[in-house]
Amino acid sequence: MGSGGRPPASGPPGGPRRSPPDEAHEPGRLERLGAATAARAAAAAAVARATAQRIGRTPPPPGPFRPGFWRSPIRGPWLTSVFGLLLLVGIPVLFVTGMLSYAAYNPGLGNDQTPTKGLLGFYLFDWPTHPYWLYRLTQGVHVTLGVVLVPVLLAKLWSVIPKLFEWLPVRTVAHGLERLSLLMLVGGVIFEFVTGILNIQLYYVFPGSFYTLHFYGAWVFIAAFVVHVALRLGRMTRALGSRDLAAELRTGVAGTRPEPPDPDGLVPAAPAAPTMSRRGAVGMVGAGSLLLLVVTAGQSIGGRLRSTALLAPHNRDPGSGPNGFQINKTAAAVGVSASHVGPSWRLEVNGHGPALVFTREQLLTMRQYTAALPIACVEGWSTADQHWSGLRLTDLAAMSGLPDAGSVLVESVQPPGPYSSVVLRGNQIHDPRALLALHVNGADLSLDHGYPARVIVPANPGVNNTKWVHRLTFRT
Amino acid sequence: MARFGRWYGSGPLHLLALICSFALTGYALVRLFAVRPLDVAVWFVGAAILHDLILLPLYSLADLSAQSVLRHRTGRVPEVPWINYLRVPTFLSGVLLLVWFPLILDLAVPYEGATRLAENVYLGRWLVITAVLFGASAVAFALTLRRLRRAAHADDEERPASGDDAAR
């Protein structure tokens, strides 16, 4: 208050420095007060501007903050926009297929590991059983596309690295907020890719449950992604239009010249001689994506192509014969032993009225149905259709006294764990292909595939096709 | 508007969009950080730092080093742009390792017990793929060198008296 050596805005009425004519006393005082306040504000603003200018003139520290540090002659808005466009197509597909996978787990039914999801589950719907290969497709796309986009993501981040070191770090409020948003964008996208890629390899080093981390992380990321796209879409389209793609694809190293200087500072101030053309850079990234596709996709396609997935986790069959298809978790891995499923095993069916209890022999005397359905895992791999046979869930519901059951709790003999039980919805119970399977491909289920009985439901995520079932509780 | 722009540094729409985005971010972050918040934050921010301040500088440095170290070894080979014959297979082999390193380096402890598949096949496969990539690149480079030498030779024969080193 009153700093800067300025006189006080208004002295006490009738003070020694004032000799006002009495008739103009009140209005004059107000005017002077207003004028003085404005003057003080203007002075403060001037001081602030001067300070900002002084800060603005601070030279960048040496190293990456200097404009001459980044020298690649192919960095520039056009190249960044090419990679950006690929991600603009790919990432929404990843997001949508990811959200579909979340819906496929039926979190609304009590299978939920994200009970605090709140509005983030706004779109949830009854996961269908048609087409029966739906989850196989959506999750195969989710995982394979995620893997294939890794080189594109690396290239995009490489192309904009000078922006990380731009000087000043924060120029305006808008600039500061946008950079905070970019931290969410870059941290979010790498967090999502890393947790996803580690999870499909069963490398559980991330801090907590994959399901919750990957789900909430996706929302943090997409919030930043949408605003990034909104703020940069115009710049991207202009940059893409600034060069002729066909001409670019004809230009080798010798003809490669830097793009004209851009306001974002991606184009180097002191470019080095080119060692790779833009065509070469895009081609190398494309080759990386193609190579990853080749060594990965086979685990989701299956059949003879499975063995082409040289580096993917599910690229070989674990055995031969009727039970020789992919296993998600073996009996030993989840603590199920022969004693759990020996002659004393019984199936308990609850519904309306007293519980029904069956031995496996009794189940085998009932009418058996068949269905050809795949196993499709959240990890992206899947099997071709396997030929299951057993009892229809809808028949079991009728036996329990609830022919129109709206849900069923399926419990396994496996020790309590994340997927030792599951709740299935009415549409899944009443699909005629939804079975409590006792046989597969003409043989008894093996222990690793859920002997004595397992659930198999069309389009259901693999882990919700509970194995070693011992109790079904139908509910209205 | 103009005064807002001076104060804020961009238009009001920019501010509205960012606040909307941050609100959603906050909504999801609270839930992301509900369990082990510190570890999750370290992973989240660490992911960006690991890439931007470690991985990217390392591969950039490796690239620059390869160019400057190997430049002195090229000897009599004329100016052939060779760096990409090293860069491309390194990049391809590198992204395979980056994506599949838990399996390649046998780090996924539950893998064999869960899937009934052996994990020890991946290192060998990655090495074979790497060998094929570098081998193919070497062959391509050799063919390029041969083509250039032949072209140089043809030039020499066309102009036999033009240079004093034509007899070489």
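Residues numbered from 1 in each chain as written. Chains lettered and ligands numbered in written order. Predicted model: local features only at pLDDT ≥ 70, side-chain atom pairs only at ≥ 80, totals over all residues.

1. Quick look at the overall build of chain B
Working step 1: Along chain B, the regular secondary structure elements total six helices and zero strands.
Working step 2: Starting at the N terminus, the α and β elements of chain B follow one another as α-α-α-α-α-α.
Working step 3: By residue count, 21% of the 168 residues in chain B fall in the buried class.
Working step 4: The long-range fraction of contacts in chain B, counting pairs at least 24 apart against all pairs at least 6 apart in sequence, stands at 42%. (Helix = DSSP H or I, 4+ residues; strand = E, 2+ residues; numbered from the N terminus. Buried ≥ 20, exposed ≤ 12 C-beta atoms within 10 Å, placed from the backbone. Contact = placed C-beta atoms within 7 Å.)

2. Focus on the UniProt feature "transmembrane region" (unreviewed entry) in chain B
Residue and element names in this part refer to chain B.
Working step 1: When the UniProt feature table is mapped onto this chain, "transmembrane region" (unreviewed entry) is found at residues 12-34, 40-61, 82-103 and 123-145.
Working step 2: Its end C-alpha atoms 33 Å apart, residues 12-34 is made of 91% helix and 0% strand.
Working step 3: Its end C-alpha atoms 32 Å apart, residues 82-103 is made of 95% helix and 0% strand. (UniProt positions renumbered as here; feature names shortened; annotations may be inferred.)

3. Digging into the sheet that holds strand S5 (residues 407-412) of chain A
Within a sheet, each strand pairs with its neighbour through backbone hydrogen bonds, oriented either parallel or antiparallel.
Residues and elements named next belong to chain A.
Working step 1: What the five strands build is an open sheet, ordered S2-S1-S10-S5-S6; its pairing is mixed. Each edge of the open sheet carries a strand with a single partner, namely strand S2 (353-358) and strand S6 (421-425). Looking at each pair of strands side by side, their axes are set apart by 15° on average, direction ignored.
Working step 2: Inspection of the sheet shows S5 paired to S6 by five bridges, in the antiparallel sense. Paired with Val 408 across the two strands is Leu 424, which belongs to S6. (Pairing = 2+ DSSP bridges. Axes fitted to C-alpha atoms, helices over the stretch in contact; angles between N-to-C directions.)

4. Some words on the interface of chain B and chain A
Working step 1: Taken together, the contact pairs 53 residues of chain B with 66 residues of chain A.
Working step 2: When contributions to the side of chain B that touches chain A are tallied by element, the ones reaching two or more residues are helix H2 (12-32), helix H3 (37-71), helix H4 (83-104), helix H5 (111-115) and helix H6 (121-158) of chain B.
Working step 3: In terms of residue class, the side of chain B that touches chain A is made up of 38 nonpolar, nine polar and six charged. (Nonpolar A, V, L, I, M, F, W, Y, C, P; charged D, E, K, R; others polar.)

5. Overview of the UniProt feature "transmembrane region" (unreviewed entry) in chain A
Working step 1: Residues annotated in UniProt with the feature "transmembrane region" (unreviewed entry) correspond here to residues 78-105, 141-161, 182-204, 216-234 and 281-301 of chain A.
Working step 2: A distance of 29 Å separates the end C-alpha atoms of residues 141-161 of chain A, which is 90% helix and 0% strand.

6. Details of the environment of Trp388(A)
Residue and element names in this part refer to chain A.
Working step 1: Looking at the element boundaries, Trp 388 is found in strand S4 (residues 386-392).
Working step 2: Spatially, the C-alpha atom of Trp 388 lies 37 Å from that of Gly 217, the residues being 171 residues apart in sequence.
Working step 3: If sequence neighbours within four positions are ignored, Trp 388 has contacts with Thr 370, Ala 371, Leu 373, Leu 435, Ala 437, Val 440 and Ile 456.

7. With respect to the UniProt feature "domain: Oxidoreductase molybdopterin-binding" (unreviewed entry) in chain A
Working step 1: Per the UniProt record, the feature "domain: Oxidoreductase molybdopterin-binding" (unreviewed entry) sits at residues 344-475 of chain A.
Working step 2: This span, residues 344-475 of chain A, is 13% helix and 39% strand, and a straight line between its end C-alpha atoms measures 26 Å.

8. Quick look at the nonpolar core
Within soluble globular proteins, side chains that are nonpolar tend to cluster in buried spots.
Working step 1: Within the largest apolar cluster, 128 residues are counted, with the highest numbers of intra-cluster contacts made by Val220(A), Val408(A), Leu435(A), Leu436(A), Ala437(A) and Leu96(B).
Working step 2: Ranked by residue count, the leading element in this core is helix H7 (residues 210-241) of chain A, at 13 residues.
Working step 3: Leaving out residues up to four positions away in the same chain, Leu436(A) has contacts with Gly390(A), Leu391(A), Leu393(A), Leu396(A), Ala453(A), Val455(A) and Val469(A). (Core = buried A, V, L, I, M, F, W, Y, C linked by C-beta atoms within 7 Å.)

9. Structural notes on the domain arrangement of chain A
All names here are of chain A.
Working step 1: In terms of domains, chain A is made up of domain 1 (77-299) and domain 2 (331-475).
Working step 2: Each of domain 1 and domain 2 was reduced to a C-alpha centroid, and the two centroids are 39 Å apart.
Working step 3: In this complex, domain 1 contributes 25 residues to the contact, which on the side of domain 2 involves 24 residues.
Working step 4: With eight residues, the top contributor of residues to the side of domain 1 that touches domain 2 is helix H3 (residues 134-148). (Domains from an automatic or database assignment.)

10. Focus: the environment of Leu202(A)
Working step 1: Tracing the chain through its elements places Leu202(A) in the loop between helix H6 (173-200) and H7.
Working step 2: Sequence-distant contacts of Leu202(A), defined by excluding residues within four places in its chain, comprise Ala108(B), Pro110(B), Tyr111(B) and Ala114(B).

11. A few points about the confidence of the model for chain A
Working step 1: For chain A, per-residue confidence averages 91 on the pLDDT scale, and residues scoring 70 or more make up 94% of the total.
Working step 2: Low confidence marks residues 1-24 of chain A, where pLDDT is under 50. Its contacts with residues over four positions away, or in another chain, come to 13 contacts. (pLDDT = per-residue confidence, 0-100.)

12. Examining the domain arrangement of chain B
Working step 1: Annotation of chain B at the domain level lists domain 1 (1-32), domain 2 (35-73) and domain 3 (80-168).
Working step 2: Of note, the centres of domain 1 of chain B and domain 2 of chain B, computed from C-alpha atoms alone, are 30 Å apart.

13. Some words on the packing of helix H9 (residues 278-294) of chain A against H4(B)
Working step 1: The contact between H9(A) and H4(B) brings their axes to 10 Å, and the two run at 35°. H9(A) and H4(B) meet at a crossing whose hand is right-handed. Along the contact surface, H9(A) presents Gly280(A), Met284(A), Ala287(A), Gly288(A), Leu291(A) and Leu292(A), while H4(B) presents Asn84(B), Val88(B), Phe91(B), Leu92(B), Val95(B), Leu96(B) and Val99(B).
Working step 2: Of the residues assigned to the contact of H9(A) with H4(B), the class counts are ten nonpolar, three polar and no charged. (Left-handed = near helix turned anticlockwise from the far one by under 90°.)

14. Regarding the packing of H3(A) against H9(A)
Residues and elements named next belong to chain A.
Working step 1: Between H3 and H9, the shortest axis-to-axis distance is 8 Å and the interhelical angle comes to 140°. As for how H3 packs across H9, the hand of that crossing is right-handed. Across the interface between the two elements, Thr 144, Val 147 and Val 148 of H3 pack against Ser 289, Leu 292 and Leu 293 of H9.
Working step 2: In the contact of H3 with H9, the residues fall into four nonpolar, two polar and no charged.

15. Considering H3(B)
Working step 1: With 35 residues, H3(B) extends 49 Å from end C-alpha to end C-alpha; this agrees with the ideal 51 Å at 1.5 Å per step.
Working step 2: Bending of H3(B) peaks at approximately 35° at the position of Leu50(B).
Working step 3: When we look at burial in H3(B), the residues that qualify are Val40(B), Trp43(B), Phe44(B), Ala47(B), Ala48(B) and His51(B).
Working step 4: Looking at the buried residues of H3(B), the elements they touch are helix H4 (150-159), H6 and H7 of chain A together with H2 of chain B. (Expected span 1.5 Å × (residues − 1). Bend = angle between axes of the 7 residues up to and from the residue.)

16. Considerations on unusual backbone geometry
Excluding glycine, residues mostly carry a negative phi; peptide bonds, for their part, are mostly trans.
Working step 1: Between His130(A) and the following residue, Pro131(A), the backbone shows a cis peptide bond with an omega angle of -20°.
Working step 2: Within the element layout of this structure, Pro131(A) appears in the loop between helix H2 (77-104) and H3.
Working step 3: In this structure, Leu202(A) is a non-glycine residue whose phi angle is positive, near 60°.
Working step 4: Positive phi is not limited to glycine here, since Asp106(B) has a value of about 60°.
Working step 5: Structurally, Asp106(B) is set in the loop between H4 and H5.

17. Regarding the pairing of S2(A)
Within a regular beta strand, the side chains point alternately toward one face of the sheet and then the other, so they alternate between its two faces.
All names here are of chain A.
Working step 1: When you tally the buried positions in S2, you get zero out of six residues, a small fraction of the element.
Working step 2: Sheet topology note: the strand S1 (residues 347-351)/S2 ladder contains four bridges and is antiparallel. Among the inter-strand pairings, Gly 351 is bridged to a residue of S2, identified as Gly 353.
Working step 3: Following S1, the chain reverses through one residue before pairing antiparallel with S2.

18. Describing the environment of Ile104(B)
All names here are of chain B.
Working step 1: With respect to the helices and strands, the residue Ile 104 is situated in helix H4.
Working step 2: With 20 C-beta atoms counted inside 10 Å, the residue Ile 104 sits in the buried group.
Working step 3: Expressed as a C-alpha distance, the spacing of Ile 104 and Glu 119, which sit 15 residues apart in the sequence, is 7.9 Å.
Working step 4: Contacts of Ile 104, omitting those with residues within four sequence positions, involve Leu 97, Tyr 122, Leu 123 and Trp 126.

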